[in-house]
Amino acid sequence: MSSFSGSGTPLLDVRNLSVRFNTRDGVVQAVSDLSYTLRRGETLGVVGESGSGKSVTSLAIMGLLNRAHADVAGEIMFEGTDLLKLSKEELRTVRGRDISMIFQDPFACLHPMYRVGSQIAEAVRAHEDVSKSVAQARALELLDAVGIPNAKSRARDYPHQFSGGMRQRAMIAMALVHNPDVLIADEPTTALDVTVQAQILELIDKVKKEFDIGVVLITHDLGVVAETATHVLVMYAGRAMEYGPAHEIFTAAQHPYTWGLLESMPTVEKRLDMLVPIEGSPPSLLRPPPGCPFHPRCKYRFEPCDKKRPPLQSIPDGHPDACFLSPERKREIWKDRIGAELGLTV
Amino acid sequence: MSTTPEARAGHGPLVEVEHLTKHFPIKQGVFSRAKGVVHAVEDVTLTVNRGETLGIVGESGCGKSTTARLIVRLLDPTSGAIRFDGRDITRVGQRRLRPLRQEMAIIFQDPYSSLNPRKSVGQIIAEPFAIHRTEKDKKQRVQELLDRVGLSPEHYNRYPHEFSGGQRQRIGIARALALQPKLIVCDEPVSALDVSVQAQILNLLKSLQDEFDLTYVFISHDLSVIRQVSDRIAVMYLGHIVEIGNSELLYEHPRHPYTAALLSAVPRAETNGGTSTRQRIVLSGDVPSPVDPPNACVFHPRCPRFQPGHCDVETPLLRRFEGDQEAACHYPVERWPMTEEELRHPFGGRAAAESR
């Protein structure tokens, strides 16, 4: 096992990823020019609203987009190979073994007519030539590891006999059968109740440490990100708006969209007189607005925003964001207004 | 129905619910023999005062939606009593219920399935007028309503699929407002929406409440949303109200261990800001089946303060704390916040002696 630190070569290196879908109504630019890296021991929280491209990005990594309809460009480097250059068969050896994924709705992902244990055993045999009994034993071991009580008898249950939280645990067990290097979790707790969500988030964190892997956690919930992520990527309209270490995003956010998300979230900490919503709604990706995609909803837009698109650039003593406001102005707005109001400045 | 703010301040209950219980029989076989019973709502007593928002919070299957549907008589109670605006409506028949329905409305969770895709926005919002034959100039009223909920009057002839989730929810709100109801049940009205849009809808609901003097029963599983909108809150677990009281007091000092666990389980942005040293109380296991609920205190199998021989034998009743807060627990939480370790040890003999 490699060392548990943020340095070293990245496990996953996504470079200039773009995904376009050709539809009857025209070309949907779902993801544009997206880059990020993931190292062992890191949890990258990918945040954004519906249609921001956060799920499409992970489907592209998993090679789950239909190549006939989706146009994927850029590079997805995994341990030195570009996943986008692999054939379908080669990709199949990576998918589920080196990179695995769990989804929002575990009930939709488990076959309703097969016992939970045998579905996990099947996943074992998909990549390893072992006997059924060995695979079954491995399945039991994993069900136990993810905290299913009486794993031995519960393995003989069908998915409908499991509660939502247990199904998600079973999915996590299935994702772990081949000791993957990367686990992609797409809204893993959105369908779960808050007390069960807490259990699953703890489990994902435990799994990350025990198996020494990298986790990509896709969510719309900034609270979930704050509690679990080491790094955060904020997406809007298929583009990266802000990307940096989690503690910086939550103590010194730089992009107006991130500010808007933080401000519009109601909190359990206190009741506010009025919430501060982001007016309007996200743009259609068939016809994205010119310039910065966020400018029609941005309170801080000024002269260049509707003409030029701001590049993702690092600011001194900060992290990269895509906004034309000067670094000084960003700091000022955060410190005097947003961060102060939300009690998030250090 | 134009009530002045003074009248609103006058309070008095609009809805009074006593010992409300709803059981759903589980039927099986050709003769539909009852095989068991789902205990959806058990002995719920609450009041909703005029002009206030009562939040009902709890996990899936806790009976929060069933309670709200019983209040507006979309479901018939198994036992108990419901009074609306001074009238007993527990057993009122469908025909006499219809005029009452003008005074209550519902906003649903899913803005996609709650609007008929074959009807134009104008038809959808005007339907209550058609049913109750109240309005002469429907079109003008609908356009006023559209304008009030932040849509454009030109949207009158458009169809639901042309709108985003947030806009559809505005259409649902306009429909609910059409007959100028006294009570609106909001059943998870923002949980299908993105955060940035969610805040728009919550603000809209609040300003409508102020303007039209509305009373809300607001159902949500999201504790942050509930805090933002509610004056009082009822926390439900497995069909029971485990805690009820003033929203601010309840969040400052939850008395029931379940409320405490819920509050501590909410992920929040503040933790990474370094301002909070909060510890998460992780409840083990899942919510038990409402077909076969646990004995005595329904929360005891998951409770960190469970005391064998007491909690699983004697059912705790709601008892009163400062500020009219009520909780149903033999070993209520003494102070807040608490670590999980502290929570696990109620003040031993003293707590036990007190509660007996």
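Predicted, not measured: the structure shown is a model, and the values here were computed from it. Here, residues in each chain are numbered from 1, in the same order as that chain's written sequence. To read the labels, note that chains go from A and ligands from 1, taken in the order they are written. Given that the model is predicted, a residue must reach a pLDDT of at least 70 before its local features are reported, and side-chain atom pairs must reach 80 or more before they are shown or counted; all residues, however, enter totals for whole chains, interfaces and linings.

Turning to the overall build of chain B, a few remarks are in order. When helices and strands are tallied, chain B shows 12 helices and 12 strands. Its C-alpha atoms give chain B a radius of gyration of 22 Å, within 12% of the compact-globule value 21 Å for 356 residues. Each of the three principal axes of chain B carries a C-alpha extent, and together these read 70 × 60 × 45 Å. Partly exposed residues are those falling between the two cut-offs: more than 12 but fewer than 20 other C-beta atoms within 10 Å of their own, whereas 20 or more means buried and 12 or fewer means exposed, with C-beta atoms placed from the backbone. Here chain B holds 356 residues, and the buried ones make up 45% of them. Helix and strand assignments follow DSSP, with helices taken as H or I runs no shorter than four residues and strands as E runs no shorter than two, numbered in order from the N terminus. Throughout, the radius of gyration refers to the C-alpha atoms, and the reference size of a globule is 2.2 Å times the residue count to the power 0.38.

The next thing to look at is the interface of chain B and chain A. Contact criterion: two residues are in contact if their C-beta atoms, reconstructed from the backbone, are within 7 Å. Taken together, the contact pairs 38 residues of chain B with 43 residues of chain A. Contributions of two or more residues to the side of chain B that touches chain A are made by helix H7 (195-212), helix H8 (223-229), helix H9 (247-252) and helix H10 (257-265) of chain B. Each residue is assigned to one of three groups, with Ala, Val, Leu, Ile, Met, Phe, Trp, Tyr, Cys and Pro labelled nonpolar, Asp, Glu, Lys and Arg labelled charged, and all others, Gly among them, labelled polar. When the residues that make up the side of chain B that touches chain A are grouped by side-chain class, the tally is 16 nonpolar, 14 polar and 8 charged.

As a general feature of sheets, a regular strand has side chains that alternate between the two faces. All names here are of chain B. Strand pairing follows a simple DSSP-based rule, namely that at least 2 bridges must link the two strands. By the bridge criterion, 5 bridges tie strand E1 (residues 13-28) to strand E4 (residues 79-84) in an arrangement that is antiparallel. In the strand pairing of E4, Val15 is matched with Phe84. Taken together, the 2 bridges between E4 and strand E5 (residues 87-88) define a ladder with antiparallel strand orientation. If you follow Arg83 over to E5, its bridge partner there is Asp88. Remark: 2 residues form the turn of the hairpin made by E4 and E5, two consecutive strands paired antiparallel; Asp85 in that turn has positive phi of roughly 55°.

Turning next to helix H2 (residues 64-71) of chain B. Residues spaced three or four apart along an α-helix point in a common direction, a consequence of the helix completing one turn every 3.6 residues. Residues and elements named next belong to chain B. With 7 of its 8 residues buried, H2 lies for the most part within the structure. Of all the residues in H2, the buried ones are Lys64, Ser65, Thr66, Thr67, Ala68, Leu70 and Ile71. Arg73 sits one or two positions beyond H2 and adopts a positive phi of about 60°.

Residue and element names in this part refer to chain A. To obtain each axis, a line is fitted to C-alpha atoms, and for helices this fit is confined to the stretch in contact; angles are then taken between N-to-C directions over 0 to 180 degrees. The interhelical angle for the contact between helix H7 (residues 164-175) and helix H8 (residues 194-211), taken along N-to-C directions, is 15°, at an axis separation of 10 Å. In terms of orientation, H7 lies roughly parallel with respect to H8. Classified by chirality, the crossing of H8 by H7 is right-handed. When H7 is examined against H8, the residues Gly164, Gly165, Gln168, Arg169 and Ile172 are found in contact with a partner set consisting of Val196, Gln199, Ile200, Leu203 and Val207. Of the residues in the contact of H7 with H8, the class split is 5 nonpolar, 4 polar and 1 charged. Relative orientations are named as follows: roughly parallel for angles under 35 degrees, roughly antiparallel for angles over 145 degrees, roughly perpendicular for angles from 65 to 115 degrees, and oblique for any other angle. In this scheme, a crossing is called left-handed if the near helix is turned counterclockwise away from the far one by less than a right angle; it is called right-handed if the turn is clockwise.

Now for the sheet that holds strand E11 (residues 319-320) of chain B. Residue and element names in this part refer to chain B. Spatially, the 8 strands line up as an open sheet ordered E6-E7-E8-E3-E9-E10-E12-E11, and their pairing is mixed. A single partner strand is all that each edge strand has here, and the edge strands are strand E6 (104-107) and E11. Alignment of strand E10 (residues 240-246) against strand E12 (residues 326-327), held across 2 bridges, turns out to be antiparallel. Residue pairing in the sheet places Ile244 in a bridge with Glu326 of E12.

As a per-residue measure, pLDDT reflects the predictor's confidence and takes values from 0 up to 100. In the predicted model, chain A carries a mean pLDDT of 91, and the fraction of residues at 70 or more is 97%. A low-confidence stretch, residues 1-6 of chain A stays under pLDDT 50, and its non-local contacts, those more than four residues away or across chains, total 10 contacts.

Residue and element names in this part refer to chain B. The omega angle of the peptide bond from Trp336 to Pro337 is 0°, so this bond is cis rather than trans. Positionally, Pro337 belongs in the loop between E12 and helix H11 (340-344). A positive phi is found at Arg73, a non-glycine position, where the angle reads about 60°. Here Arg73 is to be found in the loop between H2 and E4. A positive phi angle, close to 55°, is found at Asp85, a residue other than glycine.

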